[in-house]
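Next come the chains, spelled out residue by residue.
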Amino acid sequence: MRIKFIFTLFALFIAVNLFSQDIWYTTVLKENFVDKNGNPLTGKGVVVGDIDSGVDIFSPFFFFADGGEFNWIDVDKDGKFTPGIDAVDFKGDGIASAGSILRYIEMKNNTYNVLKTDKEHFNPDMDFLYADKNGNGKRDFGENEGFTENDATYGEQLFIAIDANGNGTLDPGEKIVALKTSKVRAVREKSGTIRRRGIDLIKTEPDTIQHGTSVSGIVLGGHMGVQKMHGFAPDAELVMANIDYAYTPRFVRTFPDLLKFIRDEKVNILLFEDGEWMWEFMDGSTEEEMLTNEIARSGITVIGGGGNLASGNMILRDKLKKGQKTEYKFSSPAAGEGKKNDGSFVSFLWKGKDKNAVFNIVTPDFKTSPDLSKGSGFIKVGNYNIYYSREVSSKNTVMFKFSFSEKDSGAVKGDWLIKVKSKDDMELWGFIVDVTQSWGGTTRWYSDKISDEGSVTFPCTADSCIAVGAYTVNFAWGPQDKKGALCSYSGRGLNISGKRGIDICAPGHSTFTCGPNCSYTLFSGTSSAAPHVVGTVALLLQYDPTLTHSQVRNILMQTATQDEFTGPLPNDNWGAGKLNPEGAIKYLQSISK
């Protein structure tokens, strides 16, 4: 799935001297800020709505530290914390009562050892404590273990430790704080069922793609001043709308319902964590994009990841003269990302409803379709089935779309050729994908017209959406990438409507966040960059809840930074430049005086 930006060659990094590099926790501000009432800026009172894969509601990162402060009891009197023996002093009487024995969750290190962790001891800045109520040596949670919506942390209670002297251990006299209430206010499941905190959130479906959990961690995970790594706005709340992917385009067919759910939950920020490009007009004309504009006008700040479509050989662009004949080749594998490739898809876009082109498809068995120039329908060509349709958007964009499949549901493996004869002068945009829905291009163009320009994806093509590009931090991915430079895959360029695609860029490659099943993980892509902007905006909105979408956008643009990688700003790759969270907060403070 394109929503899940995973690299399979991380083992190569182990051979690199990563540990000599300075690690940047990109979600932890370099300064402490307070709001107008003197309270720490932590996102308190701000609600973030995320359209994403889901969230792990059982993760320790997603509970508020609102369960009370407690002493712990050094049961064995050895002057140090001993898991499985020492206890939480629930009653304040210095006696280890039944069900009070403390153990800890050793958070899994899924960062390929980029983050250093001590697996032999409890680390207050990385791990979480829990009261082993039934004494079975593991943390039990969820309905299957007998817990209900009314139970704190939906299981055996979790705690964070306050390492007051900063020596990396839990010492006698240092406090522990109980976690209690979920940061997740509501979830709309793929089926449309809505789960709510205080009612049935404990029943929420798992984040099977394991994407929304990491996004949410960047925005609001963890606890400021406790975890070494936490989100920008750990006191904000979350509303999640879970995406259900179809097998063929349009891959996400419930966007209007997801948007309306998020809107009706009275969120302050809407985050898009999906990128579509197949069978999309990419010009801001769809129902979803119009609804997005309406939501932004209502005062909700709308932000999205601009997509990871660049550098994948997924786009071609060509300028055709009237009467010109040209050919574009693409190739499909038999399988990709663990599934049979039994469907490939193409859409060509151009501006001008009165402009026309004629298409012929040459299949892998060297059969040629009849002329296709208008209407829609299904045809059989050799061993293959072809669907085609010509459509026009309200913004005068023409889309000629195709789907290709083999008879009897066989694979579409092989080389395909699309012949085009232009009846008018036009600039042609060609997009491609297959059933894997992969950013990386399992099915891809083979052409000298391949381009990375215009690679910002829907729904960031909405006129109002603050589209976020990604740049590299901590360590680079490909040979062309550098720390501080724009990620090679980050969407860029002008949209077909002529609108600049990217508004601002943020840390996107090799950032750190929480993962599923009590883990820390590396996270990359514009999926990582966008929640950096969301977290920053949550802090701005705590400081001034009256800010509108336009005002927030202007603050971000005004305070974005330029360096040797961005070049002169604004431009079509970086937008306004690099996100500057501290600068944005200081700017807001200065204009609010």
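Residues numbered from 1 in each chain as written. Predicted model: local features only at pLDDT ≥ 70, side-chain atom pairs only at ≥ 80, totals over all residues. Heavy atoms only, no water.

S.K.: Is there a simple way to explain the nonpolar core in this structure?
M.R.: In a soluble, globular protein the nonpolar side chains are often hidden away together inside. Counting 81 residues, the largest nonpolar core has I51, F348, F359, F402 and I418 as the members making the most contacts within it. Ranked by residue count, the leading element in this core is strand β25 (residues 426–434), at six residues. Not counting chain neighbours up to four residues away, the residues in contact with F348 comprise L316, Y328, F359, V398, M399, F400, F402, I418, L428, W429, G430 and W445. The next biggest cluster of nonpolar side chains, apart from the first, holds 76 residues, and it includes F61, V187, A233 and L522. (Core = buried A, V, L, I, M, F, W, Y, C linked by side-chain atoms within 4.5 Å. Buried < 20%, exposed > 50% of the residue type's maximum accessible area, 1.4 Å probe, protein only. Helix = DSSP H or I, 4+ residues; strand = E, 2+ residues; numbered from the N terminus. Contact = heavy atoms within 4.5 Å.)

S.K.: Explanation requested: the sheet that holds strand β20 (residues 357–362) in the structure shown.
M.R.: The strands making up a sheet associate through backbone hydrogen bonding, with each pair oriented either parallel or antiparallel. Pairing is antiparallel in the open sheet, where four strands are placed in the order β20-β24-β16-β26. Of all strands in the sheet, those bounded by a partner on one side alone are β20 and β26 (444–446). Geometrically, the sheet is characterised by an average inter-axis angle of 30 degrees between neighbouring strands, direction not taken into account. Sheet analysis places strand β16 (residues 325–332) next to strand β24 (residues 414–422), joined by eight bridges and oriented antiparallel. Directly across from S331, in β24, lies its bridge partner D415. (Pairing = 2+ DSSP bridges. Axes fitted to C-alpha atoms, helices over the stretch in contact; angles between N-to-C directions.)

S.K.: Would you explain a positive patch on the surface in this entry?
M.R.: A cluster of like positive charges, contributed by K325, K374, K419, K421 and K423, occupies part of the molecular surface. Relative to the elements of secondary structure, K423 occurs in the loop between β24 and β25. (Patch = residues over 30% accessible without salt bridge, like charges linked within 9 Å, V, L, I, M, F, W, Y side chains within 5 Å. Areas by Shrake-Rupley, 256 points an atom, 1.4 Å probe, with all protein chains shown as cover. Salt bridge = Lys/Arg side-chain N within 4 Å of Asp/Glu carboxyl O. Lys, Arg positive; Asp, Glu negative; His and termini not counted. Charge placed at Lys NZ, Arg CZ, Asp CG, Glu CD.)

S.K.: Just checking my understanding: could you explain the sheet that holds strand β9 (residues 176–178) for this structure?
M.R.: The strand order across the open sheet formed by five strands is β2-β9-β8-β7-β5, and the pairing between neighbours is antiparallel. At either margin of the open sheet sits one strand with a lone partner, and together these are β2 (69–70) and β5 (102–105). Bridge count between β5 and strand β7 (residues 128–131): four bridges; the pairing is antiparallel. Each bridged residue has a counterpart across the sheet, and for R103 the counterpart in β7 is Y130.

S.K.: Can you help me understand helix α2 (residues 212–220) in this one?
M.R.: Think of an α-helix as 3.6 residues a turn; residues three or four steps apart then line up on the same face. Of all nine residues in α2, nine are buried, a share of seventy percent or more. Listed in full, the buried residues belonging to α2 are G212, T213, S214, V215, S216, G217, I218, V219 and L220. Looking at the buried positions of α2, the neighbouring elements they touch are β1 (47–52), β12 (237–242), β13 (269–272), β29 (511–515), β30 (519–523) and α5 (526–543). G222 sits one or two positions beyond α2 and adopts a positive phi of about 75 degrees.

S.K.: I tried to follow the pattern of salt bridges on my own but got confused; where do I start?
M.R.: Opposite charge on two side chains permits them to pair, given that their charged atoms come into close proximity. Applying the stated criterion across every chain, the model contains 21 salt bridges. For D415, the salt bridge identified is with K329, shortest N-O distance 3.8 Å. Here the residue D415 occupies a position in strand β24, and K329 occupies one in strand β16, the gap between them amounting to 86 residues. The class of D415 is partly exposed, set by a relative accessible area of 44%.

S.K.: Mind showing me how you'd approach helix α6 (residues 549–559) here?
M.R.: Every buried residue of α6 is listed here: H549, V552, R553, I555, L556 and T559. The buried residues of α6 occupy an angular sector of 160 degrees when the element is viewed end-on, so they sit on one face. (Arc of directions from axis to C-beta.)

S.K.: What am I meant to see in the layout of surface pockets here?
M.R.: A probe matching the size of a water molecule, rolled over the atoms, marks out where space remains unfilled. Roughly 430 Å³ of volume is contained in the second largest pocket. The wall of the second largest pocket is formed by 23 residues, among which D56, F58, F141, N517 and C518 lie closest to the centre. Per-element accounting of the lining of the second largest pocket gives the leading share, three residues, to β5. Class assignment of the residues belonging to the lining of the second largest pocket gives a composition of ten nonpolar, seven polar and six charged. (1 Å grid on protein atoms, 1.4 Å probe; cavity = no way out; pocket = protein on both sides within 12 Å on 5 of 7 lines; lining within 4 Å. Points joined across faces, edges and corners; volume = space filled by probe spheres on them. Nonpolar A, V, L, I, M, F, W, Y, C, P; charged D, E, K, R; others polar.)

S.K.: Even after reading the chapter, I still don't get the packing of α5 against α6, so can you show me in this structure?
M.R.: Angle between the axes and distance between the axes are the two parameters that describe a pair of packed helices. In the contact formed by α5 and α6, the axes pass within 11 Å of each other and the chain directions differ by 115 degrees. When the axes of α5 and α6 are compared, the crossing they make is right-handed. When α5 is examined against α6, the residues V533, T536, V537, L540 and L541 are found in contact with a partner set consisting of V552, I555 and L556. Within the contact of α5 with α6, the residues separate by chemical class into seven nonpolar, one polar and no charged. (Left-handed = near helix turned anticlockwise from the far one by under 90°.)

S.K.: Honestly, the side chain of S455 in this entry has me stumped. Any pointers?
M.R.: Relative to the elements of secondary structure, S455 occurs in the loop between β26 and β27 (466–472). Engagement of the side chain of S455 in a polar contact is seen with the backbone oxygen of D452, the distance being 2.6 Å. Beyond its immediate stretch of four places on either side in the chain, S455 contacts G306, L309, A310, I315, S490, G491 and R492. (Polar contact = N/O pair within 3.5 Å; in protein donor to acceptor, adjacent residues only side chain to side chain.)

S.K.: Sorry, what's going on with the side chain of S344 here?
M.R.: If you trace the backbone, S344 turns up in strand β19 (residues 344–351). A polar side-chain atom of S344 sits 3.4 Å from a polar atom in the side chain of T443. Excluding anything up to four places from it in sequence, S344 contacts F330, S332, F402, S403, F404, V412, V433, D434 and T443.

S.K.: How do you make sense of the confidence of the model for the chain when you look at a structure like this?
M.R.: One rule of thumb: low pLDDT means the predicted coordinates there are not for detailed reading. Here the chain averages 94 in pLDDT, and 96% of its residues register 70 or above. The model gives residues 3–20 a pLDDT under 50, and that stretch makes 34 contacts with residues more than four places away or in other chains. (pLDDT = per-residue confidence, 0-100.)

S.K.: Where do I start with the state of the cysteines in this structure?
M.R.: In a disulfide, the sulfur atoms of two cysteines are covalently bonded to one another. Applying the stated rule across the entire model yields zero disulfides. Here C460 stays free of any disulfide, with the sulfur of C465 as its closest cysteine sulfur at 3.8 Å. For C460, a relative accessible area of 0% corresponds to the buried category. (Disulfide = S-S within 2.5 Å.)

S.K.: Please clarify how the environment of S510 should be interpreted in this entry.
M.R.: Structurally, S510 can be placed in the loop between β28 (504–509) and β29. Note: C-alpha distance between S510 and S97 (413 residues apart in sequence) is 44 Å. Excluding anything up to four places from it in sequence, S510 contacts V473, N474, F475, L522, F523 and S524.

S.K.: Which parts of the structure should I look at to understand the pairing of strand β10 (residues 184–188)?
M.R.: A regular strand places its side chains on the two faces of the sheet in alternate fashion. For β10, the tally of buried residues reaches four of five residues, placing the bulk of the element in the interior. Sheet topology places β10 next to β12; four bridges connect them, and they run parallel. Bridging across to β12, R188 finds its partner in A241. Where β10 and strand β11 (residues 194–196) come together, three bridges link them in antiparallel fashion. Residue V187 lies in a different strand from β11, and its bridge partner there is R195. The antiparallel hairpin formed by β10 and β11 contains five residues in its connecting segment, where G192 sits at a positive phi of about 100 degrees.

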